[in-house]
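Coordinates in review
Take a look at the letters that make up each chain.
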Amino acid sequence: MTFEREGVPAVGVMTSAFVDGAELMAQACGAPGYPFAVIEHPISSATDAELLERAREIIRQAEGLLLSAAPQDAP
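The structure presented is a predicted model; accordingly, all values stated were derived computationally and were not measured.

Conventions and cut-offs
Residues numbered from 1 in each chain as written. Predicted model: local features only at pLDDT ≥ 70, side-chain atom pairs only at ≥ 80, totals over all residues. Heavy atoms only, no water. Helix = DSSP H or I, 4+ residues; strand = E, 2+ residues; numbered from the N terminus. Buried < 20%, exposed > 50% of the residue type's maximum accessible area, 1.4 Å probe, protein only. Contact = heavy atoms within 4.5 Å. Areas by Shrake-Rupley, 256 points an atom, 1.4 Å probe, with all protein chains shown as cover. Pairing = 2+ DSSP bridges. Right-handed = clockwise from strand over helix to strand, strands pointing away. Core = buried A, V, L, I, M, F, W, Y, C linked by side-chain atoms within 4.5 Å. Salt bridge = Lys/Arg side-chain N within 4 Å of Asp/Glu carboxyl O.

Our focus in this paragraph is the overall build of the protein. Broken down by element type, the protein carries three helices and two strands. Projected onto the principal axes, the alpha-carbon positions of the protein cover approximately 40 × 35 × 15 Å. Every one of the 75 residues in the protein was classed for burial, and the buried ones make up 21%. Sequence-distant contacts, at least 24 apart, represent 55% of the contacts inside the protein between residues at least 6 apart. Total accessible area on the protein is roughly 5,600 Å²; 60% of this is exposed by carbon and sulfur atoms.

In structure tokens:
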């Protein structure tokens, strides 16, 4: 949120266990409804294959969030 306030596109990334806390923090920072990219928790016990799939999912979500926030006249 800090980067975005400075005009730098950014995406918050977290696991599902931290969504409630992130939503509270966003609200406290004056950005209720701030969208985050979320993957399944936990990651510490995930296999390499599971981590790779979660990374791909984060990329898909982040791309969607960044492109949906892009100015309409951007190429």
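That shown, we press on.
Turning to the environment of Phe36, a few remarks are in order. Structurally, Phe36 is set in strand S2 (residues 36-39). For Phe36 and Ala26, which are ten residues apart along the polypeptide, the C-alpha to C-alpha distance reads 10 Å. Setting aside residues no more than four positions away along its own chain, Phe36 makes contact with Gly12, Met14, Ala22, Glu23, Ala26, Gln61 and Leu65.

Strand direction decides the pairing type here: strand S1 (residues 12-15) and S2, joined by four bridges, are parallel. Pairing of Thr15 across the sheet is with Ile39, part of S2. Crossover handedness for the path S1 to helix H2 (residues 19-28) to S2: right-handed.

Okay, the nonpolar core next. Residues Met14, Val19, Ala22, Ala26, Ala31, Tyr34 and Phe36 constitute the largest nonpolar core, which totals seven residues. No other element matches H2, which puts three residues into this core.

On to the pattern of salt bridges. Applying the stated criterion to the full structure yields three salt bridges. In this structure, Glu40 and Arg54 form a salt bridge, with 3.7 Å as the shortest nitrogen-oxygen distance. Here Glu40, found in the loop between S2 and helix H3 (48-68), pairs with Arg54, found in helix H3; they are 14 residues apart in sequence, far enough to count as distant. Here Arg60 and Glu57 are joined by a salt bridge, their closest N and O atoms 3.0 Å apart. Placement of both Arg60 and Glu57 in helix H3 is noted, with a separation of three residues, approximately one turn of the helix. On the basis of relative accessible area, Arg60 is assigned to the partly exposed category, the value being 45%. Of the residues examined, Glu57 reaches a relative accessible area of 28% and is grouped as partly exposed. Where salt bridges share partners, they join Glu53, Glu57 and Arg60 into one cluster.

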